[in-house]
Amino acid sequence: MTCYYPSALLRTLRNRIPIGNLIVQVLKLETYNRGRWLRFRCPCCGSLHTATNPKTNLARCFECRKNFNPIDMVMAAGKCSFVEGVEHLKRHYLAR
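Quantities reported herein were computed from a predicted structural model and do not represent experimental measurements.

Structural notes on the pairing of strand S3 (residues 50-53)
Inference 1: As paired strands, S3 and strand S4 (residues 58-61) are joined by four bridges and run antiparallel to one another. Looking at S4, one finds that threonine 52 is bridged to alanine 59.
Inference 2: Two successive antiparallel strands, S3 and S4, enclose a turn made up of four residues, where asparagine 57 displays a positive phi of approximately 60°.

A closer look at the packing of helix H2 (residues 19-26) against helix H3 (residues 70-78)
Inference 1: Two elements in contact, H2 and H3, have axes separated by 9 Å at closest approach and are oriented at 25°. One way to sum up the angle between H2 and H3 is to call them roughly parallel. The hand of the H2/H3 crossing is right-handed. Contacts between H2 and H3 involve Ile19, Leu22 and Ile23 on the former and, on the latter, Pro70, Met73 and Val74.
Inference 2: Looking at the contact of H2 with H3 residue by residue, the classes come out as six nonpolar, no polar and no charged.

Some words on the environment of leucine 94
Inference 1: Its place among the elements puts leucine 94 in helix H4 (residues 82-94).
Inference 2: Note on leucine 94: relative accessible area 43%, which makes it partly exposed.
Inference 3: Measuring from C-alpha to C-alpha, the distance between leucine 94 and asparagine 21 comes to 15 Å, with 73 residues separating the pair along the chain.

Regarding the sheet that holds S3
Inference 1: Judged by pairing direction, the sheet is antiparallel, and its three strands sit side by side in the order S3-S4-S5 without closing on themselves. Of all strands in the sheet, those bounded by a partner on one side alone are S3 and strand S5 (66-68). Each strand axis lies, on average, 15° off the axis of its neighbour in the sheet, ignoring direction.
Inference 2: Here three bridges tie S4 to S5, and the two strands are oriented antiparallel to one another.

Topic: the nonpolar core
Inference 1: Leu22, Phe68, Met73 and Leu89 are the most contacted members of the largest nonpolar core, which totals 22 residues.
Inference 2: Secondary-structure elements contributing two or more residues to this core are helix H1 (7-16), H2, S4, H3 and H4.
Inference 3: Ranked by the residues each element gives to this core, the list is headed by H3, at four residues.
Inference 4: In contact with leucine 89, other than residues within four places in its own chain, are Leu13, Ile17, Leu22, Pro70, Ile71, Val74 and Leu94.

Criteria and cut-off values
- Residues numbered from 1 in each chain as written.
- Predicted model: local features only at pLDDT ≥ 70, side-chain atom pairs only at ≥ 80, totals over all residues.
- Heavy atoms only, no water.
- Pairing = 2+ DSSP bridges.
- Helix = DSSP H or I, 4+ residues; strand = E, 2+ residues; numbered from the N terminus.
- Axes fitted to C-alpha atoms, helices over the stretch in contact; angles between N-to-C directions.
- Parallel < 35°, antiparallel > 145°, perpendicular 65-115°, else oblique.
- Left-handed = near helix turned anticlockwise from the far one by under 90°.
- Contact = heavy atoms within 4.5 Å.
- Nonpolar A, V, L, I, M, F, W, Y, C, P; charged D, E, K, R; others polar.
- Buried < 20%, exposed > 50% of the residue type's maximum accessible area, 1.4 Å probe, protein only.
- Core = buried A, V, L, I, M, F, W, Y, C linked by side-chain atoms within 4.5 Å.

Shown next, in the form of structure tokens:
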């Protein structure tokens with residue numbers, strides 16, 4: 001089965017869902033604040049050597065060198081496919 005998602009929808013999911021909110025409230029990853037940066041436990045390697053950047057809406061693990069947008073974060077934390085990650089975000093953020 002092939003799924004098609006309009007680029008506008010994917011852009012909305014990547015850019016309009018606050019990555020910090022997603023990590024804390026939806027995925028419930030272990031977190032702590034360090035200055036202005038939200039740190040989280042990396043879903044890939046387990047490191048806390050991480051940060052989120054609200055300006056770019058991205059997260060990064062400096063240990064395993066992975067970058068995450070909201071879709072990537074759901075895929076990594078939920079160990080799911082791209083389609084499952086997109087559907088998860090649609091349910092949590094667009095079905096309101």
